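Survey of secondary and tertiary structure
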Amino acid sequence: MAKNINLTIDGINVTVDEGTTILEAARNLNIHIPTLCYHEDLCVAGNCRVCVVEQEKVKNLPASCATPAAEGMVIHTNSMKVRMARKHIVELLLSEHNADCTKCYKNGNCELQGLASQMLTGDHLFLDLVPDKKYTIDMFNTAIIKDDSRCIRCQRCVRTCEELQSVSALGVAYKGNKMKISTFFEHSLFEVVCTNCGQCVNRCPTGALIERNYIDQVWDAIYDPNKHVVVQTAPAVRVALGEALGMATGKIVTGKMVAALRRLGFDSVLDTDFTADLTIIEEGHELLSRLKRALVDKDPTVALPMATSCSPGWIKFIEHTFPEYLPNLSTCKSPQQMFGALAKTYYTQKRKLDPKNVVSVSIMPCTAKKFEANRPEMRSSGYKDVDYVLTTRELGIMIKQAGLDFEELPEEKFDSFMGSSSGAAVIFGSTGGVMEAALRTAYEVVTGREVPFDGLNIVPVRGTEGEVREASIKIEKVLPEWSFLEGVELKCAVANGLAHAKTVMQNVRDGKANYHFIEVMACPGGCLGGGGQPIPTNKEIRNKRKMAIYEEDMGMPVRKSHENPEIAEIYKDFLEKPLGHKSHELLHTHYTPRKRY
Amino acid sequence: MSEQTLKRVDLIFGEYSNEKYKVLASTLERTNEDILKDILESGLRGRGGAGFPTAMKWKFTAETPSDERYVVCNADEGEPGTFKDREILLRVPRKVFSGMAICGRVIGAKKGLMYLRGEYKFMVPELMKELDSYHEHAKQLGLDFTIEIRMGSGAYICGEESALFESMEGGRGEPRNKPPYPTTSGFMKKPTVINNVETFVNVLMIMRLGPDQYKKLGTTDSRGSKVFSVSGDTPIPGIYELELGMSLDRFVDEFGDGDTKAVQVGGASGFCVPRKKFKDTVIGFEGVPTGGSMMIFNSSRSMYNVLHNYLEFFEEESCGQCTPCRVGCQQLLKGIVAVKKGEKKAVYLEQLMKLSESMKITAKCGLGQSVANSFSSIVNNFKEEMIY
């Protein structure tokens, strides 16, 4: 039991546990103290000083986010002194900030702008420092744009990159008036260890870190009568898009999203979940074939554990950090890229379209997908497989631009073909989902029976934020052709957030872990917490999205990838067999070792 | 005449005892409680400038439960106009190491670190020689306390204790949130005593003289003597050990050139005292405290230029982490320039005064909090020089 601390905030007596900060204590009382550098997911920095409060008998104003409540404290959150100091601080931030709000991508969704309007800053108190600054904008990256002129140096991005992702692509450089957030040798984000995961974008309070948006290019394609524009939507988008359009967190909006996309003018509204199911078939067979090579053929070159390859942030991370483990990655492309390759081959063949006139767009909860789509190897259809990647946020903007009343839209269904999916594909959006989906299929392939879990819910592999989930499943009474797997304990690990992925890989490298199969999603909570998802984000929001994803899975008539009828069809009509020649050509890829510096 | 008014002291730079580490040896024979009692009794306050009672700092650190504790000597002497630690380390390093060793014994630390200003690299060979001798004697005395030198890299902010720890730990020199204070979480997040170079020497002096003798120097609030770095418009710049509690006019009588207009007490982060206030200003913790820097300006000096210089210094030397300090310093500097050029009305100085007040109460560390000291004391006392 933590010790109780009694204090008074704005005249209200309150008792909190020892270690509670003044800010948290105030929030318990529904007293709102403004903050900027503070973020629930990150360690306390206490550097913006916006959250200062007055403490009786103390000369200085403590930062409420960084000061633990102490016995007998008397705190005022809105005294004359506090108001003056807070206004000064916001004015100082504005004086260093390129406050050209109407030109900013975050206009209307900026925490600094919100504070400025709260404080009625009006005519600025201080001199404008921006003209003398030589701010740079890093526009080289295909996924993330970093605009120093909008940076308020709160270091949320730095803490995100280091604590949540253990990437540390972003850091602080210089001091005093020249202090800035920068990268190794001030290279572009394109040239450093950045994984494009976009977690910094999710947490940037201003428009200093944003995704590179492709909204106009997509509108142009839609309005071009010669183009046939197909759109695919990732599983995690449908449980978060509502947030971007004013709906409550954790609402499943699949049907409305489809309706909206149709009204925006996409020629065909399809589902990444279809290729998620396809990924399971390919990746499941890949795992079984690696196990067979290891157990039956005793092939010493087979790379185990096998790791999932759906998360492009994770791919770039392992390319930089553990390049010696690239053979362990599944060679399967991510569902987005499988879809892209099929959209300009299988889809065009069936629809009798010329692939050069097809524009393929994907809606992703992710910024790294933008980078992935631009990888040189992602052109196996002979064209760029995915032309434009939009984040959930960008789709939200397009829906607003089109003037659609999203909440009032009817629920519509995806087009077919390449539009049907299973519950197993839906859960790709959450940590542990790929693992669970793969097990639902692989277990059945090997034993002829469903996985022995109530309602097909393999709860032990469902990941939890902030930890590495380990599980093992015993394979028994197998079908004759899989006899080599009889009695094998399939050992799995599930990690979300790159910091935990790093732990798993270090354990593998150091021989401390003996896994067969590893699932990694680069973002906290998996894709539902992706870098392209609506802002703000925190654990509670991500949890609600997660619950929605599993609810969507439970409501699907088909729960297993191999039972998706369109999957059977594509193998019959086009791909022939899993890991077959066509699959290798279109659905599998290779990776590039990269340096740390 | 000056002999009557100013008491020069020769404790700090006094000759070593003829036997190496003699005072250390005799001190180690005493109990920790006994040693602490003497330091408390002596009234010693930190010589870095903030003046925290040394005995309390040691006591709090010793009382914090921990498997490890550290003693850190802050030798990152960076305050403009301060150069006394340099002299101490060049002339009497043995006294500094002895003081650190006593501290180590009292608080139960096995490791001491000296964070040496980057520009003082030239003295490392000599210090290492003395350290070898110290370690030899410590071994003979059965004292398990080693001392290591760590180099700074030239950032002013790393003289701030928590930024200093960050720097020593290999991080970026940025101050931490307080609480926790170093006494509970310092170097490597362990309880740490961090004292100025001169403070450690004072401890040794107290051990040698006893608190009663030591207390005879100075005033109730400011016991002992202090090494001053005297610079500026003075015919006799240099290092002087003087009794604390003297009035500024006596100081100016001694060191001024007859035309002294103002004295900046405590460096860029200290206070500017104009001629009319010399008489009523006491140098010490009850009046204007100083880490040692005394800069004398005569009437040929423009106080605008002086302030401009300080603000340029702060603008560059802020770590840049917290808003009030990073942006506040830029605004103060650009602000006085704008007023001087007539781009802003003189009344804008009032706005800047309010801003400096906000900086004083909201900045994360002592640097940002103390910019207002020189700013407000110069602007208030020499407003016409800011405008015309």
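Looking at the overall build of chain A
When helices and strands are tallied, chain A shows 20 helices and 17 strands. For 597 residues, the compact-globule estimate of 2.2 N^0.38 gives 25 Å, and chain A sits close to it at 25 Å. Taken over the C-alpha atoms alone, chain A extends approximately 80 × 60 × 50 Å along its principal axes. Every one of the 597 residues in chain A was classed for burial, and the buried ones make up 53%. If you take every contact in chain A between residues at least 6 apart in sequence, the share linking residues at least 24 apart comes to 74%.

A closer look at the sheet that holds strand 4 (residues 74-76) of chain A
Strand order in the open sheet formed by 4 strands is 2-1-4-3 (chain A), and the pairing between neighbours is mixed. For this open sheet the edge positions go to strand 2 (12-17) and strand 3 (54-55) of chain A, each flanked by a neighbour on one side alone.

Considerations on the packing of helix 9 (residues 272-295) of chain A against helix 11 (residues 335-343) of chain A
Between two packed helices, what matters for the description is the angle formed by their axes and the separation of those axes. Residue and element names in this part refer to chain A. The geometry of helix 9 relative to helix 11 is characterised by a closest axis approach of 8 Å and an angle of 105° between their N-to-C directions. One way to sum up the angle between helix 9 and helix 11 is to call them roughly perpendicular. Touching Thr272, Thr275, Ala276, Leu278 and Thr279 of helix 9 are Pro335, Gln336, Met338, Phe339 and Leu342, all from helix 11. Counted by class, the contact of helix 9 with helix 11 contains 6 nonpolar, 4 polar and no charged residues.

Considerations on the nonpolar core
What tends to happen in soluble globular proteins is that the nonpolar side chains get buried as a cluster. With 174 residues, the main nonpolar core has Val231, Trp314, Leu342 and Phe428 of chain A as its most contacted residues. Element by element, the count of residues in this core is highest for helix 16 (residues 433-447) of chain A, at 8 residues. Residue contacts for Val231 of chain A: discarding those within four places in its chain leaves Leu261, Phe266, Val269, Leu270, Val361 and Ile363 of chain A. Core analysis: the second largest hydrophobic core is formed by 112 residues, Leu44, Ile102, Met114 and Leu307 of chain B among them.

Things to note about the pairing of strand 2 of chain A
All names here are of chain A. Of the pairings in the sheet, the one linking strand 1 (residues 4-9) to strand 2 comprises 6 bridges and is antiparallel in character. Residue pairing in the sheet places Thr8 in a bridge with Asn13 of strand 2. Hairpin connection, strand 1 to strand 2: the antiparallel pair is bridged by 2 residues, and Asp10 has positive phi, about 50°.

Observations regarding the interface of chain A and chain B
Note on interface size: it is often stated as the accessible area lost on association of the parts. Of the residues lining the interface, 30 residues belong to chain A; the matching set on chain B comes to 30 residues. At 7 residues, helix 2 (residues 80-95) of chain A tops the list of elements feeding residues into the side of chain A that touches chain B.

Description of the domain arrangement of chain B
All names here are of chain B. By the assigned domains, chain B splits into domain 1 (11-214), domain 2 (225-298) and domain 3 (303-383). Domain 1 puts 8 residues into the contact, and the matching count from domain 3 is 8 residues. Among the residues forming the side of domain 1 that touches domain 3, the class breakdown is 5 nonpolar, 1 polar and 2 charged.

Brief notes about the confidence of the model for chain B
Chain-level statistics for chain B give a pLDDT mean of 95 and a share of 98% at 70 or above. In the predicted complex, the global pTM is 0.94; the interface-specific ipTM is 0.94.

Quick word on the environment of Gly19 of chain A
Residues and elements named next belong to chain A. Assignment of secondary structure puts Gly19 in the loop between strand 2 and helix 1 (22-28). A residue is classified by how many C-beta atoms lie within 10 Å of it, and Gly19, with 11 of them, is exposed. Linking Gly19 and Gly432, residues 413 residues apart in sequence, is a C-alpha distance of 33 Å.

Concerning unusual backbone geometry
Residues and elements named next belong to chain A. Backbone torsion omega between Ser416 and Phe417 reads 5°, so that peptide bond is classified as cis. Mapped onto the elements, Phe417 comes out in the loop between helix 14 (392-401) and helix 15 (423-426). Even without a glycine there, the phi angle at Tyr174 is positive, about 60°. With 13 C-beta atoms packed within 10 Å, Tyr174 lands in the partly exposed category. Even without glycine at this site, Asn196 takes up a positive phi of about 65°. Take Asn196: it is sitting in the loop between strand 8 (180-182) and helix 5 (199-203).

Scoring rules and cut-offs
Residues numbered from 1 in each chain as written. Chains lettered and ligands numbered in written order. Predicted model: local features only at pLDDT ≥ 70, side-chain atom pairs only at ≥ 80, totals over all residues. Helix = DSSP H or I, 4+ residues; strand = E, 2+ residues; numbered from the N terminus. Rg over C-alpha atoms; globule rule 2.2 N^0.38 Å. Buried ≥ 20, exposed ≤ 12 C-beta atoms within 10 Å, placed from the backbone. Contact = placed C-beta atoms within 7 Å. Pairing = 2+ DSSP bridges. Axes fitted to C-alpha atoms, helices over the stretch in contact; angles between N-to-C directions. Parallel < 35°, antiparallel > 145°, perpendicular 65-115°, else oblique. Nonpolar A, V, L, I, M, F, W, Y, C, P; charged D, E, K, R; others polar. Core = buried A, V, L, I, M, F, W, Y, C linked by C-beta atoms within 7 Å. Domains from an automatic or database assignment. pLDDT = per-residue confidence, 0-100.

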